[in-house]
Amino acid sequence: MRMYDIIAKKRDGGELSQEEIQFFIDGYTSGEIPDYQASAFAMALYFQGMNKEERAAITMAMAQSGDMIDLSEIEGTKVDKHSTGGVGDTTTLILAPLVASVGVPVAKMSGRGLGHTGGTIDKLESVPGFHVELTKEEFIQNVNERKVSVIGQSGNLTPADKKLYALRDVTATVNSIPLIASSIMSKKIAAGADAIVLDVKTGAGAFMKEESESIDLAKAMVEIGNSVGRKTMAVISDMSQPLGNAIGNALEVKEAIETLKGTGPEDLTKLSLTLGSQMVVLAGHAENLTDAWSLLEKSIENGDALKKFKEFLASQGGDASVVDEPTLLPQAKYQFEVLADTSGYIHEMVADEIGHAASMLGAGRLTKDSEIDLSVGVVLQKKVGDTIEKGEPLLTVHSNQEDIKEVEKKLKENIKISPDPLIPPDLIRQIIT
Ligand code: URA
Ligand code: CA
């Protein structure tokens with residue numbers, strides 16, 4: 001087999017066999033196929049697309065290019081949740097204990113944040129003592145004993161995807177539905193998921209800004225998952241404004257605690273229950289989404305979800321008393337209220353820009369190695385569609401620097417108030433099964 005022929009075949013619109021795709025992934029991962037051929041191939045894929053069989057083949061080839069995490073020692077169906085990335089998205093912190101509290105095993109590998117979107121591990125590390133450096137045995141034991149554990153990404157997971165994603169990034173070939181879908185799904189499959197729930201965001205703060213593109217991506221991922229034997233569902237959810245009220249690591253932990261108590265923001269609660277219901281159904285713990293929803297709601301009401309969160313934190317060295325006493329979480333030195341300059345209705349709170357404002361305070365990483373400040377961030381007092389009076393607080397900035405002029409400017413530029421009422425955007429746009 002020659003890479004030249006595979007490139008030419010795809011360039012001319014041909015369909016590749018599983019063997020040809022495997023040949024490319026193996027050769028590219030080992031370094032035998034050079035970047036220039038891989039670039040040409042990625043561009044051919046970008047223009048010609050891939051059919052269902054090709055998508056499944058490249059996903060599995062990339063998943064198997066490195067370590068495949070074996071979770072077979074954990075009883076039950078392991079359901080993973082993946083979000084395409086958003087601002088203020090605290091759902092994993094809520095979902096992990098929530099679905100575990102009704103008996104669904106959660107064996108999660110998570111990442112740190114980069115840019116304007118936060119990472120689950122950073123958020124959890126704002127709980128004093130909490131750590132994610134567990135051995136595989138401890139991880140599995142935790143899940144078998146308490147149904148929930150979160151570890152950091154380690155080992156050699158999907159090296160083919162790592163290499164190909166980096167190449168696509170510099171060759172203008174990221175934006176291809178089959179390539180994005182296979183990239184994401186390969187990582188979930190390598191991480192050991194039997195079933196996968198996808199939260200595909202849409203709007204300003206999302207990877208996919210257009211709803212039609214988000215839907216296409218979700219459908220592509222659901223199709224890949226199901227065709228390689230992983231039951232997969234997706235939710236298309238709004239990311240035009242931040243999710244919930246808090247943006248910032250410790251602030252989001254506090255928000256997660258409130259949501260597990262049943263007093264969290266409406267949108268965050270609704271999305272958590274929507275995604276959680278899908279996880280419960282895929283794990284076979286409820287017949288349908290309605291039953292699953294009631295099960296989860298009950299667990300919030302009777303305190304089981306919160307109890308599970310405490311147990312989870314303590315099992316990984318965390319100080320579980322933060323749950324009853326959130327002031328034990330890292331606190332910023334200053335709190336500044338940002339007030340509205342005019343009266344009217346909130347029309348826009350541009351998610352990615354508000355995420356950038358939180359990063360400017362130190363909540364987000366600018367490069368992979370930057371230090372972040374777990375205590376800082378933004379807490380919204382209003383959301384899109386709400387009314388506001390001139391002089392009323394829009395939000396509170398939690399900062400360790402006294403001068404927040406630049407941050408305040410950025411926030412105000414990205415919050416639009418206008419006199420006409422408007423209906424807020426729907427949070428859940430579509431469910432794809
Ligand atoms: N996220 C991924 O993991 N892969 C892509 O290709 C795009 C976004
Ligand atoms: Ca939030």
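Residues numbered from 1 in each chain as written. Chains lettered and ligands numbered in written order. Predicted model: local features only at pLDDT ≥ 70, side-chain atom pairs only at ≥ 80, totals over all residues. Heavy atoms only, no water.

Visitor: Would you mind going over the sheet that holds strand S5 (residues 231-238) with me for this structure?
Guide: Sheet strands line up and pair through hydrogen bonds in the backbone, either parallel or antiparallel. With respect to topology, four strands assemble into an open sheet ordered S1-S4-S5-S13, the strand pairing being mixed. Each edge of the sheet is formed by a strand with only one pairing partner; in this case those strands are strand S1 (79-83) and strand S13 (428-432). Strand-to-strand twist of the sheet, defined as the mean angle between neighbouring strand axes without regard to direction, takes the value 15 degrees. Note that S5 and S13 share four bridges and pair antiparallel. Paired with Ala234 across the strands is Ile432, a residue of S13. Here helix H10 (residues 211-227) sits on the sheet in contact with strand S4 (195-202), S5 and S13, set at roughly 165 degrees to S5. (Pairing = 2+ DSSP bridges. Helix = DSSP H or I, 4+ residues; strand = E, 2+ residues; numbered from the N terminus. Axes fitted to C-alpha atoms, helices over the stretch in contact; angles between N-to-C directions. Contact = heavy atoms within 4.5 Å.)

Visitor: Sorry if this is basic, but what is going on with the pairing of strand S9 (residues 377-380) here?
Guide: The sheet contact formed by strand S6 (residues 246-247) and S9 spans two bridges and is antiparallel. Residue pairing in the sheet places Ile247 in a bridge with Val378 of S9. Where S9 and strand S11 (residues 393-399) come together, four bridges link them in antiparallel fashion. Its bridge partner being in S11, Leu380 is matched across the sheet by Leu395.

Visitor: Explain the layout of surface pockets to me, please; I cannot follow it from the model alone.
Guide: To find leftover empty space, one rolls a probe the size of a water molecule over the atoms. Put simply, the second largest pocket is a space of about 380 Å³. For the second largest pocket, the lining is made up of 16 residues, of which Gln241, Glu266, Asp267, Pro425 and Leu427 are closest to its centre. The leading source of residues in the lining of the second largest pocket is helix H12 (residues 266-282), at three residues. Split by residue class, the lining of the second largest pocket holds seven nonpolar, two polar and seven charged. (1 Å grid on protein atoms, 1.4 Å probe; cavity = no way out; pocket = protein on both sides within 12 Å on 5 of 7 lines; lining within 4 Å. Points joined across faces, edges and corners; volume = space filled by probe spheres on them. Nonpolar A, V, L, I, M, F, W, Y, C, P; charged D, E, K, R; others polar.)

Visitor: Sorry, what's going on with H10 here?
Guide: Note: α-helices contain 3.6 residues per turn, so residues at a spacing of three or four share the same orientation. Between the first and last C-alpha of H10 there are 24 Å, a value that for 17 residues agrees with the 24 Å anticipated at 1.5 Å per step. Taken as a whole, H10 has its buried residues at Ser214, Ile215, Leu217, Ala218, Ala220, Met221, Val222, Ile224 and Gly225. Turning to H10, the residues buried within the fold contact helix H4 (52-63), helix H9 (177-190), S4, S5 and S13. (Expected span 1.5 Å × (residues − 1). Buried < 20%, exposed > 50% of the residue type's maximum accessible area, 1.4 Å probe, protein only.)

Visitor: Help me understand the packing of aromatic side chains in this model?
Guide: Each aromatic ring pair is specified by the distance between its two centres and by the angle formed by the two planes. Per the counting criterion, the structure on display carries six aromatic pairs. Judged by centre distance (6.3 Å) and plane angle (40 degrees), the ring pair of Phe309 and Phe312 falls under tilted. Highlighted residues: Phe309 and Phe312, both in helix H14 (residues 304-315), separated by three residues, approximately one helical turn. Looking at Phe309, the relative accessible area reads 0%, which means it is buried. Ring pairing ties together the aromatic residues Phe24, Tyr28 and Phe41, which thus form one cluster. (Phe/Tyr/Trp six-rings, centres within 6.5 Å; stacked < 30°, edge-to-face > 60°.)

Visitor: Help me understand a nonpolar patch on the surface in this model?
Guide: Residues Met43, Tyr46 and Phe47 make up a contiguous nonpolar surface patch of roughly 310 Å² in combined accessible area. Here Tyr46 is to be found in helix H3 (residues 35-48). Among the residues examined, Tyr46 registers a relative accessible area of 33% and is labelled partly exposed. (Patch = residues over 30% accessible without salt bridge, like charges linked within 9 Å, V, L, I, M, F, W, Y side chains within 5 Å. Areas by Shrake-Rupley, 256 points an atom, 1.4 Å probe, with all protein chains shown as cover. Salt bridge = Lys/Arg side-chain N within 4 Å of Asp/Glu carboxyl O.)

Visitor: In this structure, what is going on with a negative patch on the surface? I would like to understand it.
Guide: A cluster of acidic side chains, namely Asp70, Glu73, Glu137 and Glu138, defines a negative patch on the protein surface. Secondary-structure assignment places Glu138 in helix H7 (residues 136-146). (Lys, Arg positive; Asp, Glu negative; His and termini not counted. Charge placed at Lys NZ, Arg CZ, Asp CG, Glu CD.)

Visitor: When you look at the packing of helix H11 (residues 249-261) against H14 in this model, what are you seeing that I'm missing?
Guide: Two quantities define a packed helix pair, namely the angle between the axes and the distance from one axis to the other. Contact geometry of H11 with H14 gives a least axis separation of 7 Å together with a crossing angle of 145 degrees. Contacts from Ile257, Leu260 and Lys261 of H11 reach H14 at Ala305, Leu306 and Phe309.

Visitor: How should I be thinking about the coordination of the calcium ion (ligand 2) in this particular structure?
Guide: Those donors, Gly88 (O), Thr90 (OG1), Leu243 (O), Ala246 (O) and Glu255 (OE), are the protein atoms that reach the calcium ion (ligand 2), and they lie 2.2 to 3.1 Å from it. Every donor residue of the calcium ion (ligand 2) comes from the same chain, spaced as G-x1-T-x152-L-x2-A-x8-E. With Thr90 in the loop between S1 and helix H5 (91-101) and Ala246 in strand S6, this residue pair connects regions lying 156 residues apart in the sequence. On the basis of relative accessibility, which here comes to 1%, the residue Thr90 falls in the buried class. Since its relative accessible area comes to 3%, Ala246 is described here as buried. (Donors = N, O, S within 2.8 Å, 3.2 Å for Na, K, Ca; no water.)

Visitor: Help me out: how do you make sense of the site of ligand 1 in this one?
Guide: Residues in contact with ligand 1, as listed here, are Tyr165, Arg168, Ile180, Ser183, Ile184, Lys187 and Phe207. Within the contact set of ligand 1, an oxygen atom lies 2.5 Å away from a side-chain nitrogen or oxygen of Lys187. About the coverage of ligand 1: the protein hides 88% of its 240 Å² of free accessible area. Residue assignment for the shell around ligand 1 shows that the elements contributing at least two residues are helix H8 (159-170) and H9. (Near = heavy atom within 4 Å. Polar contact = N/O pair within 3.5 Å; in protein donor to acceptor, adjacent residues only side chain to side chain.)

Visitor: Even after reading the chapter, I still don't get the packing of helix H1 (residues 3-11) against helix H2 (residues 18-30), so can you show me in this structure?
Guide: Put simply, H1 and H2 touch, their axes get as near as 11 Å, and they point 120 degrees apart. Classified by the interaxial angle, the pair formed by H1 and H2 is oblique. Remark: the crossing between H1 and H2 carries left-handed chirality. On H2, the residues that touch Met3, Ile6 and Lys9 of H1 are Glu20, Phe23 and Phe24. (Parallel < 35°, antiparallel > 145°, perpendicular 65-115°, else oblique. Left-handed = near helix turned anticlockwise from the far one by under 90°.)

Visitor: I tried to follow the confidence of the model for the protein chain on my own but got confused; where do I start?
Guide: One rule of thumb: low pLDDT means the predicted coordinates there are not for detailed reading. Looking at the protein chain, pLDDT values average 95 and 99% of them are 70 or higher. Scored as a whole, the predicted complex attains pTM 0.94, and scored at its interfaces, ipTM 0.95. (pLDDT = per-residue confidence, 0-100.)

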